[in-house]
Amino acid sequence: MISNRISQSLNAHLATLRAHFKIIFTYRGMMLIQAVRLILLPLVLAAAWLSIQKTAENPYSDADYLLYYLLVPVILNLTDSRLVFRFPMAVRDGSLSRELLKPFPPLSGYALESIANNLIQLIYLLPFTLLAGYAISDRLQLGHLNLQLLLYTLLAILLGGLVRMLISGSISLVGFWLEDVTTLNLILNGGIWALLGGMIVPVATFPQHIRCIAEMLPYRYMLSFPIEIVTGRLSQAQILQGFAVCLFWSLLFALIMRFIWKRGLKVYAAYGG
């Protein structure tokens, strides 16, 4: 009986994922615009940091900055989450009522939509990344890469994506009470993340006291941490410590989501769709 339920749930999730792939492919132009947006900002930031004279305290060389901002669009895309935009809309237009009738939690469907969107976006991002990497290959330092580092990086991306999705999910569930959570998301999941997650400045180049704070918060693990692993600047102990921090924040926000979800359903009243 349990195995049948698991099989039915898995089939339902796979069918939903395939449906999202088909829907997203109908908006190829929008995906291309999104890819250009993801690429341009890191290019501007890389150009800015390369033009600034390095201080003796800065651990990053030009090669490190090039590798870092070359990978930023890809990691940024893979750990992205659309939950915070999709779920509040479902509450407002009443379509959440239909989602509640499906054989799996509504948030799972929105999470699958984010995963499908992120994977398809790679079609546009990877060619640029590979071409740009080839163009500057003589300035990149990749001799330290090995299978273990690549596996650590993959795991870091998965955990970073999980943390970001759980944070976005927690914020999106506030949509049970607030009509628009965009501002809340911009503060908690946008502005602070851009500053302490490594979007504007690599976390490894922060002053010591700020870096210690960033390493304890979840934002670093959504972007900077996987790239730091690729650069080879982290010891195995530091990598494992980072994984432990990721798991801590994942568990915490999973509990927060569960708490908000139960109370949100009690006040939910559909008035649309």
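Attention in this report is confined to the structure presented alongside it. All values reported here derive from a predicted model rather than from experimental measurement. (Residues numbered from 1 in each chain as written. Predicted model: local features only at pLDDT ≥ 70, side-chain atom pairs only at ≥ 80, totals over all residues. Heavy atoms only, no water.)

Re the side chain of N185
Mapped onto the secondary structure, N185 falls in helix α8 (residues 182-196). Here N185 falls in the buried class, since its relative accessible area comes to 7%. Those residues in contact with N185, other than ones at most four positions away along the chain, are V84, F85, I171 and G190. (Helix = DSSP H or I, 4+ residues; strand = E, 2+ residues; numbered from the N terminus. Buried < 20%, exposed > 50% of the residue type's maximum accessible area, 1.4 Å probe, protein only. Contact = heavy atoms within 4.5 Å.)

Describing the pattern of salt bridges
Following the criterion strictly, the structure yields five salt bridges and no others. Between R164 and D80 there is a salt bridge, and its shortest N-O distance comes to 3.9 Å. Here the residue R164 occupies a position in helix α7 (residues 147-173), and D80 occupies one in the loop between α3 (62-78) and α4 (83-93), the gap between them amounting to 84 residues. (Salt bridge = Lys/Arg side-chain N within 4 Å of Asp/Glu carboxyl O.)

Digging into the layout of surface pockets
Taken as a whole, the second largest pocket encloses approximately 390 Å³ of empty space. Residue lining of the second largest pocket: 18 residues in total, with L71, T129, L130, L150 and V230 positioned closest to the centre. Elements supplying a minimum of two residues to the lining of the second largest pocket: α3, α6 (106-135) and α7. A per-class count over the lining of the second largest pocket returns 15 nonpolar, three polar and no charged. (1 Å grid on protein atoms, 1.4 Å probe; cavity = no way out; pocket = protein on both sides within 12 Å on 5 of 7 lines; lining within 4 Å. Points joined across faces, edges and corners; volume = space filled by probe spheres on them. Nonpolar A, V, L, I, M, F, W, Y, C, P; charged D, E, K, R; others polar.)

Some thoughts on the packing of α4 against α6
At a minimum axis distance of 9 Å, the contact between α4 and α6 shows a crossing angle of 140 degrees. Considered as vectors, α4 and α6 are oriented oblique to each other. As for the relative orientation of α4 and α6, their crossing is right-handed in sense. Contacts between α4 and α6 involve L83, R86, F87 and A90 on the former and, on the latter, L107, Y110, A111, E113 and S114. For the contact of α4 with α6, the per-class residue count stands at six nonpolar, one polar and two charged. (Axes fitted to C-alpha atoms, helices over the stretch in contact; angles between N-to-C directions. Parallel < 35°, antiparallel > 145°, perpendicular 65-115°, else oblique. Left-handed = near helix turned anticlockwise from the far one by under 90°.)

What to know about a nonpolar patch on the surface
Taken together, the side chains of L142, L145 and L150 make up a nonpolar region of the molecular surface, amounting to roughly 230 Å² of accessible area. Note on L150: relative accessible area 46%, which makes it partly exposed. (Patch = residues over 30% accessible without salt bridge, like charges linked within 9 Å, V, L, I, M, F, W, Y side chains within 5 Å. Areas by Shrake-Rupley, 256 points an atom, 1.4 Å probe, with all protein chains shown as cover.)

Description of a positive patch on the surface
Judged by side-chain charge, R258, K262, R263 and K266 come together as a positively charged surface patch. Positionally, R258 belongs in helix α11 (residues 236-267). (Lys, Arg positive; Asp, Glu negative; His and termini not counted. Charge placed at Lys NZ, Arg CZ, Asp CG, Glu CD.)

Here's the deal with α8
Its 15 residues place the ends of α8 20 Å apart at the C-alpha level, agreeing with the 21 Å of an ideal helix rising 1.5 Å per residue. For α8, the full list of buried residues reads N185, N189, W193, A194 and L196. Those residues of α8 that are buried are in contact with α3, α4, α7 and α9 (208-216). Once α8 finishes, G198 follows within two positions and takes phi at roughly 100 degrees, a positive value. (Expected span 1.5 Å × (residues − 1).)

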